[in-house]
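Coordinates in review
Each chain, letter by letter, is given below.
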Number of protein chains: 2
Amino acid sequence: MTQTKATNIVWHEGHVSRQERESLLDQRGVMVWLTGLPSSGKSTIAFTAEHLLVARGRLAYVLDGDNIRHGLNKNLGFSADDRGENIRRIGEVGKLFVDCGAVALTSFVSPYRADRDAVRDLMEDGEFLEVFVDTPVEICEQRDPKGLYAKARAGKIPSFTGISDPYESPENPELVIKTASSTPEEAANAIIDMLQKRGKISA
Amino acid sequence: MTQTKATNIVWHEGHVSRQERESLLDQRGVMVWLTGLPSSGKSTIAFTAEHLLVARGRLAYVLDGDNIRHGLNKNLGFSADDRGENIRRIGEVGKLFVDCGAVALTSFVSPYRADRDAVRDLMEDGEFLEVFVDTPVEICEQRDPKGLYAKARAGKIPSFTGISDPYESPENPELVIKTASSTPEEAANAIIDMLQKRGKISA
């Protein structure tokens, strides 16, 4: 069976092409970039989508604060420069996952339009799908599962997005999710529908 | 069929576990770290192994200067600090690929033992397989496909590993490849044998 698979592989100048990995995985590499206020529901949606995709036999992987801020980007703080470098590195790593053929789901506040657009510019057309998790700040603040808004209101977190630092909404996102009126499963399925309609995964 | 696959998936606290992706891919995530002098043959071996692995239906991905130095690490130079940060970032990115379930092959000179050992320490036991591409400097310099040794001898490249900067050989690598007496295919097959014997991929 290994041999049978091998006959489909063409070796271009000693490198395995992205198309060969995509053929192996039966999907196309793509970056799904979730952006929204703290506590807007990004990570819950990203992990739900990852779960549903892997259950369908698709390779999906979430990049989020847990595996990035404690690892690759642990030497970055929250200054404007460091926030920019944070997003730049996440974009570059996501690009590698896309080249590997994976559905890379990123879950970061990523408040600045210019930083997000710089990541979009790294990618080919149609490879960067921006998902705006559009939850009003009042709802985010009510939820506040980590108590961050309370700390920010108390002045204990400087430059907190939504309170003391701006959030710049996407102007032309590929998908908008209103979490006030949809469950995480519904939101994740909207992402999966988008991936199917754009030919990244089969229906 | 999607539904059938889905029944095998257990959802642990909302996160897809690494084991679920590994089950999907029918392999175990692992980092194969090639180290050796410039022009020792690392990249040729890494891309040959990637080719043979993908031909067998295994997901393998090479991290090398082309996709790292021009992207994630384009803001790093060649000072001792920057060389250390270069290897640290590559280690962290490789760790993400391992978590995703891939065979991550890294191809970098990575001359300092302490930097390589720091990457090994990031990983669980058995996840970091160090491959010493042991080519004598005289042979590397004879090959010199990019003319780098010639430039270094002419004093045009400061701190060139093997000429003006030290290369610290691995003390206990998982595999040693002598390129003077083996072809790239033989070397790649030695890596694949190692992955099979360690249970990372099936025979």
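The structure this text deals with has already been given above.
We now turn to the structure provided with this report. Model, not experiment: these values are computed from the prediction. Each chain carries its own residue numbering, running from 1 in the direction its sequence is written. Both sets of labels track the order of writing: A upward for chains, 1 upward for ligands. Two thresholds apply to this predicted model, a pLDDT of at least 70 for residue-level local features and 80 or more for giving and counting side-chain atom pairs, whereas whole-chain, interface and lining totals are computed over all residues. Side-chain calculation: all heavy atoms of the structure are included, whereas hydrogens and water are not.

Let us look at the pattern of salt bridges. Here, a salt bridge means any Lys or Arg side-chain nitrogen found within 4 Å of an Asp or Glu carboxyl oxygen. Going through the model one piece at a time under the given rule, you end up with 25 salt bridges over all chains. The partner of Glu-85 of chain B in a salt bridge is Arg-89 of chain A, with the nearest N and O atoms 4.0 Å apart. Note that Glu-85 of chain B is positioned in helix α5 (residues 80-100) and Arg-89 of chain A in helix α5 (residues 80-100), a pairing that runs across two chains. Residue exposure (1.4 Å probe, protein chains only): buried if accessible area is under 20% of the type maximum, exposed if over 50%, otherwise partly exposed. Arg-89 of chain A sits in the buried class, given a relative accessible area of 3%. Close ionic contact of Arg-153 of chain B with Glu-141 of chain B constitutes a salt bridge, the shortest N to O distance being 2.7 Å. Taken together, the residues Arg-153 of chain B in helix α8 (residues 148-153) and Glu-141 of chain B in helix α7 (residues 137-143) connect sequence positions 12 residues apart. With a relative accessible area of 56%, Arg-153 of chain B lands in the exposed category. On the basis of relative accessibility, which here comes to 26%, the residue Glu-141 of chain B falls in the partly exposed class. Put simply, Glu-85, Arg-88 and Arg-89 of chain A together with Glu-85, Arg-88, Arg-89 and Glu-92 of chain B are held in one network by salt bridges that share partners. What counts as a helix is a DSSP run of H or I of at least four residues, what counts as a strand is a run of E of at least two, and both are numbered from the N terminus.

The next thing to look at is the sheet that holds strand β5 (residues 175-177) of chain B. Residues and elements named next belong to chain B. Spatial strand order, β2-β3-β1-β4-β5: 5 strands in an open sheet with parallel pairing. For this open sheet the edge positions go to β2 (60-64) and β5, each flanked by a neighbour on one side alone. Averaged over neighbouring strand pairs, the angle between their axes works out to 20° when direction is ignored. With 3 bridges joining them, strand β4 (residues 128-133) and β5 adopt parallel strand pairing. Note that in β5 the partner of Phe-132 across the bridge is Val-176. At least two DSSP bridges between two strands are required for those strands to pair. In this analysis an axis means a line fitted to C-alpha atoms, helices contributing only their contacting stretch, and an angle means the value between N-to-C directions, from 0 to 180 degrees.

Attention shifts here to the sheet that holds strand β4 (residues 128-133) of chain A. Pairing between the strands of a sheet is mediated by backbone hydrogen bonds and can be parallel or antiparallel. Residues and elements named next belong to chain A. The parallel open sheet is built from 5 strands, whose spatial order is β2-β3-β1-β4-β5. Sheet topology places β2 (60-64) and β5 (175-177) at the edges, where each strand pairs with a single neighbour. Between one strand axis and the next, the sheet turns through 20° on average, direction left out of account. For β2 and strand β3 (residues 103-107), the ladder comprises 5 bridges, and the chain directions are parallel.

Residue and element names in this part refer to chain B. It is at 7 Å that the axes of helix α2 (residues 18-25) and α5 come closest, and there the two elements cross at 70°. Comparing the axis directions of α2 and α5 gives the class roughly perpendicular. Where α2 approaches α5, its residues Arg-18, Arg-21 and Leu-25 are matched on the opposing element by Val-98, Asp-99 and Cys-100. In terms of residue class, the contact of α2 with α5 is made up of 3 nonpolar, no polar and 3 charged. Just so you know how the angles are binned, under 35 degrees is roughly parallel, over 145 roughly antiparallel, 65 to 115 roughly perpendicular, and the rest oblique. Residue contacts follow a heavy-atom distance rule, with two residues in contact if any of their heavy atoms lie within 4.5 Å. Residues are grouped as follows: nonpolar covers Ala, Val, Leu, Ile, Met, Phe, Trp, Tyr, Cys and Pro; charged covers Asp, Glu, Lys and Arg; every other residue, Gly included, is treated as polar.

A word on the relation of the copies chain A and chain B. Relating one copy of the chain to the other takes a rotation about an axis and a shift parallel to that axis. The fit set for superposing copies consists of C-alpha atoms from residues with pLDDT of at least 70 in both; the fit itself is least squares. Of the two same-sequence chains, chain A is brought onto chain B (RMSD 0.0 Å, axial shift 0.0 Å) by a rotation of 180°. Both copies of the chain, as the preceding transformation shows, are related through a two-fold rotation axis. For chain A, the smallest separation between a C-alpha atom and the rotation axis is recorded for Val-93 of chain A, amounting to 3.5 Å.

On to the nonpolar core, then. We call a set of buried residues a nonpolar core when its members are Ala, Val, Leu, Ile, Met, Phe, Trp, Tyr or Cys and they connect through side-chain atoms within 4.5 Å of each other. Membership of the largest hydrophobic core comes to 42 residues, with the highest contact counts inside it found for Leu-63, Val-93 and Phe-97 of chain A together with Leu-63, Val-93 and Phe-97 of chain B. Contributions of two or more residues to this core are made by β1 (30-35), β2, α4 (65-72) and α5 of chain A together with β1 (30-35), β2, α4 (65-72) and α5 of chain B. Apart from residues no more than four positions distant in its own chain, Leu-63 of chain B is found in contact with Leu-96 of chain A together with Ile-68, Ile-90, Val-93, Gly-94, Phe-97, Leu-105, Thr-106, Ser-107 and Phe-108 of chain B.

Any two rings among Phe, Tyr and Trp, with Trp reduced to its six-membered ring, count as a pair given centres within 6.5 Å; such a pair is stacked if its planes are under 30 degrees apart, edge-to-face if over 60, and tilted if neither. In this structure the tally under the stated criterion is 9 aromatic pairs over all chains. Centre to centre, the rings of Trp-33 of chain B and Phe-128 of chain B are 5.9 Å apart; their planes meet at 35°, and the pair counts as tilted. Taken together, the residues Trp-33 of chain B in strand β1 and Phe-128 of chain B in strand β4 connect sequence positions 95 residues apart. The exposure class of Phe-128 of chain B is buried, given its relative accessible area of 3%. When the ring centre of Phe-78 of chain A is taken as reference, the NZ or CZ atom of Arg-69 of chain A above it lies at 4.2 Å. Here, over-ring charges are defined by two tests on the NZ atom of lysine or the CZ atom of arginine: distance to the ring centre within 6 Å, and angle to the ring normal within 35 degrees.

With that settled, the discussion passes to the interface of chain A and chain B. Contact residues are listed per partner, giving 41 residues for chain A and 41 residues for chain B. Summed over both partners, the interface of chain A with chain B buries about 3,800 Å², with 70% contributed by carbon and sulfur atoms. There are 4 salt bridges connecting chain A and chain B. Any pair of nitrogen or oxygen atoms within 3.5 Å is treated as a polar contact; in protein, a donor-acceptor pairing is required on top of that, and neighbouring residues in sequence qualify only through side-chain atoms on both sides. Where chain A meets chain B, there are 14 residue pairs in polar contact (both at pLDDT 80 or more). At the level of secondary structure, the elements contributing two or more residues to the side of chain A that touches chain B comprise α1 (2-6), α2 (18-25), α3 (42-55), β2, α4 and α5 of chain A. When two parts are brought into contact, each loses some accessible area as probed by a 1.4 Å sphere; the total of that loss over both is the buried area.

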